[in-house]
Amino acid sequence: MATSSRPFSIERMPGFSLLALTCFFALYMPLAPLVVYSFNAGDNIALWEGLSLRWYVAAWENDLVQSAAIRSVVVAVIASVVATSLATMVALGTTRTRPYRGQTSIYAMVNQPLMVPEIVTAVALLIFFALIKESTGYHGYAYLISAHTAFCIPFAYLPIRARLEGMDRVLETAAADLYATPWRSFTRVTLPLLLPGILAGAMLAFVISLDDVVITEFVKSAGQDTLPTYMLGQLRRTITPEINAISTVLLGVSVVMVTIIFFLSRKKA
Amino acid sequence: MKLMFKAVLSSLMLVFSGIAIAAGELNLYNWGNYTSPELIEKFEKETGIKVTITDYDSNETALAKVRAGGHGFDLAVPSHSHLPIWISEGLIANPRVDQMSNFKNVAEEWRNPDWDPGRQYSAPWQWGSVGVMVDTSVYDGDINTFGIILDPPEELIGKINVAPEMNDVISSALLYLGGEACSGDKELLKKARDKLVEAKPKWKSMDYGVIEKFAGRDLAASLYWNGAAFRARLKNPDVRYGYPKEGYSLWADAVVLLKDARNVEEAKTFMNFIMTPENAGLMSAFARYANSIVGSEKYMPEDMATAPEVVVPQEFIGAGKFYPTCSPEVQKIYAAIWTELLK
């Protein structure tokens with residue numbers, strides 16, 4: 001009993017740092033060569049021929065990459081905005097009410113895209129949208145955007161819900177006591193407090209939409225290649241470091257977004 | 001003089017009205033990184049038709065999307081192995097490619113392939129073969145045999161790669177043993193399995209992306225495709241491509257008109273367009289595979305027009321054959337052999 005009076009902490013378990021380091025190494029090591037070879041001067045993804053930014057320039061100047069990137073961002077922005085609005089409403093509806101029957105099943109339904117294998121959703125959407133496309137003749141972006149919105153909802157929902165559950169109800173009750181209408185107490189009290197959660201959810205949804213391959217590949221109509229499906233198409237033939245350069249940029253965007261999400265959700269109000 | 005002026009003017013008008021009529025859209029559904037941007041630019045300039053390209057990464061993906069319908073594509077580029085499925089399932093229309101004005105440029109041997117008899121459905125895109133790559137500075141014996149992979153000479157042991165493609169690997173073993181690809185002969189399939197299992201310890205890897213490894217001399221032989229062999233030789237001049245004399249398989253991709261295409265005339269214009277030597281040359285110059293159009297070599301980069309990997313030397317032409325997808329029963333046996341091989 002004389003050893004330590006400090007409280008139990010997992011960080012002081014034997015081998016903790018070693019295990020953590022191994023995990024980080026296993027997670028991030030495979031990305032290192034990808035990033036390194038994106039700066040390769042030669043046109044090979046495994047033979048180093050010197051440092052250069054030529055593949056970044058090549059990717060930047062490639063019309064197909066440009067249009068695919070713009071398309072990806074537009075789809076991701078619309079899908080994440082819509083998904084986040086819906087997720088906010090669902091989160092309010094599942095936390096700011098008295099418990100009601102079916103609440104758990106709503107929770108399960110909202111999170112369904114996390115459980116159902118992506119390929120199943122993709123095939124289902126392919127068949128379902130094909131029917132609509134054939135009967136209406138409309139081939140626009142609505143299909144891609146609604147599919148992306150659907151699978152982004154749980155990713156936006158989870159941080160918002162977590163934030164709502166951690167928030168002190170007393171403030172809302174106080175607003176109501178002071179004769180604020182429900183709408184006013186929502187806009188003046190709940191929403192400002194919830195905002196970090198909403199932003200974190202929106203960014204997570206954005207990243208998820210930006211990275212999606214399987215569903216996009218099956219749902220896209222003519223001329224709707226996004227950056228990931230464009231990259232997938234390249235793999236069949238020789239891969240040049242241009243793909244590494246695009247991947248590195250995508251990786252950078254994801255890392256920046258996740259970092260912002262971390263800082264947003266860390267602040268406990 | 002006035003008459004001359006009038007003639008020029010009216011012919012100009014004809015040209016421009018032709019453009020006005022043809023001006024439209026075209027949606028091409030093709031393998032990624034396979035369509036020459038210069039080819040498309042030239043087509044758009046000449047016809048005024050705006051082309052949109054969408055990528056796929058496998059025959060199965062393309063087939064699944066087109067089967068579901070409502071895809072919005074006009075043209076697709078399936079491989080010969082899958083083309084009969086597209087025809088028999090009624091996914092494609094018959095634009096009578098054989099009656100198009102540029103069909104006369106199609107080489108004799110490409111006018112009546114087994115997988116599109118009479119060549120009514122498909123306009124030729126590009127083709128290639130499955131053979132062996134060898135670094136001749138390591139081994140300078142006969143390379144025109146699958147024995148390089150299956151009964152490798154001493155010098156090559158431990159330096160061999162095999163493309164991880166079930167059909168190509170097992171079919172090559174069957175051909176090596178004197179059979180045919182997709183053969184239903186159980187005895188022969190058993191022998192092919194034994195041969196592969198016996199040869200595997202002598203291999204180094206089963207991977208894609210061999211070009212850099214030949215360039216770095218990490219590999220000395222591989223079962224692979226001709227286009228990659230060509231590019232590897234440009235990096236390592238000792239690399240040669242062997243056309244196995246026991247027989248080797250060929251593949252070809254071809255442009256087909258989808259039944260539910262909305263831009264049928266534009267699509268037919270494109271099919272006819274790619275059958276001129278100049279345009280076919282542009283196509284090959286980009287993707288670096290051979291096409292089926294007579295006289296297109298003139299429009300390819302010089303290193304390519306003379307490459308034995310692209311232009312099959314006369315003595316090896318006979319051994320190459322197209323094989324359809326295997327029957328479901330044989331496919332099952334292939335899968336069983338493959339699983340055992342990968343263990």
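Counting its secondary structure elements, chain B contains 14 helices and nine strands. Compactness check: chain B gives a C-alpha radius of gyration of 22 Å against a globular reference of 20 Å for 343 residues, within 12% of the reference. Along the first, second and third principal axes, the C-alpha atoms of chain B reach 80 × 40 × 30 Å. Expressed as a percentage of its 343 residues, the buried residues of chain B come to 45%.

With that settled, the discussion passes to the overall build of chain A. When its secondary structure is counted, chain A shows 13 helices and zero strands. In sequence order, the secondary structure elements of chain A are arranged as α-α-α-α-α-α-α-α-α-α-α-α-α. Residues counted as buried form 33% of the 269 residues belonging to chain A. Restricting to contacts in chain A with at least 6 residues of sequence separation, those with at least 24 account for 78%.

Looking now at the interface of chain B and chain A. The interface is formed by 24 residues belonging to chain B together with 28 residues belonging to chain A. When contributions to the side of chain B that touches chain A are tallied by element, the ones reaching two or more residues are strand S1 (25-31), strand S2 (50-56), helix H3 (59-68) and helix H8 (211-215) of chain B. The residue inventory of the side of chain B that touches chain A, partitioned by class, reads eight nonpolar, eleven polar and five charged.

Residue and element names in this part refer to chain A. Along the chain, the position of Gln66 falls in helix H4 (residues 63-95). Look at Gln66 and you get partly exposed, because 13 C-beta atoms sit within 10 Å. Each C-alpha atom of the pair Gln66 and Leu227 lies 8.6 Å from the other, and the pair is 161 residues apart in sequence.

Now for the confidence of the model for chain B. All names here are of chain B. Averaged over all residues, the pLDDT of chain B equals 88, while 93% of them reach at least 70. Mean pLDDT values over the elements of chain B span from 45, in helix H1 (residues 2-22), up to 96, in strand S3 (residues 75-76). Within the model, pLDDT remains below 50 along residues 7-22, and this stretch shows six contacts once partners closer than five positions in the same chain are excluded. Here the prediction assigns the complex a pTM of 0.78, and the interface score ipTM is 0.73.

Let us now look at the nonpolar core. Among the nonpolar cores identified, the biggest contains 97 residues, and Leu75, Met133, Ile149, Ala221 and Val256 of chain B are the most heavily contacted of them. Per-element tally for this core: the top contributor is strand S4 (residues 122-135) of chain B, with seven residues. For this core, the two domains that each supply at least three residues are domain 1 (2-127 + 251-305) and domain 2 (128-249 + 313-342) of chain B. Once you skip the residues sitting within four places of it in the chain, Ala221 of chain B turns out to touch Val132, Met133, Val134, Ile148, Ile149, Pro152, Leu156, Lys159 and Ile160 of chain B. Counting 39 residues, the second-largest nonpolar core is a separate cluster that includes Val90, Val110, Ile153 and Leu194 of chain A.

Turning to the domain arrangement of chain B, a few remarks are in order. All names here are of chain B. Assigned domains of chain B: these are domain 1 (2-127 + 251-305) and domain 2 (128-249 + 313-342). Computed over C-alpha atoms only, the centres of domain 1 and domain 2 are separated by 31 Å. Between domain 1 and domain 2, the contact holds 14 residues from the first and nine residues from the second. Residues of the side of domain 1 that touches domain 2, tallied by class, amount to eight nonpolar, three polar and three charged.

Moving on: the packing of helix H9 (residues 169-177) of chain A against helix H10 (residues 182-211) of chain A. Residues and elements named next belong to chain A. Interhelical geometry of H9 versus H10 gives an angle of 150 degrees and a closest axis separation of 10 Å. By the angle between their directions, the pair H9 and H10 is classed as roughly antiparallel. For the pair H9 and H10, the crossing hand works out as right-handed. Taking contact as the criterion, the partners of Leu171, Glu172, Ala175 and Ala176 in H9 are, on H10, Ser185, Arg188, Val189 and Thr190. Residue composition of the contact of H9 with H10, by class: four nonpolar, two polar and two charged.

All names here are of chain B. With five of its five residues buried, strand S6 (residues 221-225) lies for the most part within the structure. Taking every second residue as pointing to the same face, both faces of S6 are buried, with Ala221, Leu223 and Trp225 on one and Ser222 and Tyr224 on the other. Taken together, the three bridges between strand S5 (residues 160-162) and S6 define a ladder with parallel strand orientation. Each residue of the ladder has a partner; that of Asn161, found in S6, is Ser222.

Time to look at unusual backbone geometry. Residues other than glycine predominantly adopt negative phi, and peptide bonds predominantly adopt the trans conformation. Residue and element names in this part refer to chain B. One non-glycine residue with positive phi stands out, namely Cys182, at about 65 degrees. Relative to the elements of secondary structure, Cys182 occurs in the loop between helix H6 (166-176) and helix H7 (186-199). Residue classification places Cys182 among the buried positions, given that 20 C-beta atoms sit within 10 Å. One non-glycine residue, Arg217, lies in positive phi territory at about 60 degrees. For Arg217, a count of 14 C-beta atoms within 10 Å corresponds to the partly exposed category.

The next subject is the environment of Arg54 of chain A. Position of Arg54 of chain A among the secondary structure elements: in helix H3 (residues 54-61). When the C-alpha atoms of Arg54 of chain A and Ile70 of chain A are compared, they prove to be 21 Å apart, with 16 residues separating the residues in sequence.

Our focus in this paragraph is helix H2 (residues 37-47) of chain B. Residues and elements named next belong to chain B. By the burial criterion, the buried members of H2 are Leu39, Phe43 and Thr47. Down the axis of H2, the buried side of the element spans an arc of 40 degrees, and every buried residue falls inside it. Along H2, the residues that are exposed and aim more than 90 degrees away from the buried face are Glu41 and Lys45. Backbone geometry just after H2 places Gly48 at a positive phi near 75 degrees.

Analysis parameters
Residues numbered from 1 in each chain as written. Chains lettered and ligands numbered in written order. Predicted model: local features only at pLDDT ≥ 70, side-chain atom pairs only at ≥ 80, totals over all residues. Helix = DSSP H or I, 4+ residues; strand = E, 2+ residues; numbered from the N terminus. Rg over C-alpha atoms; globule rule 2.2 N^0.38 Å. Buried ≥ 20, exposed ≤ 12 C-beta atoms within 10 Å, placed from the backbone. Contact = placed C-beta atoms within 7 Å. Nonpolar A, V, L, I, M, F, W, Y, C, P; charged D, E, K, R; others polar. pLDDT = per-residue confidence, 0-100. Core = buried A, V, L, I, M, F, W, Y, C linked by C-beta atoms within 7 Å. Domains from an automatic or database assignment. Axes fitted to C-alpha atoms, helices over the stretch in contact; angles between N-to-C directions. Parallel < 35°, antiparallel > 145°, perpendicular 65-115°, else oblique. Left-handed = near helix turned anticlockwise from the far one by under 90°. Pairing = 2+ DSSP bridges. Arc of directions from axis to C-beta.

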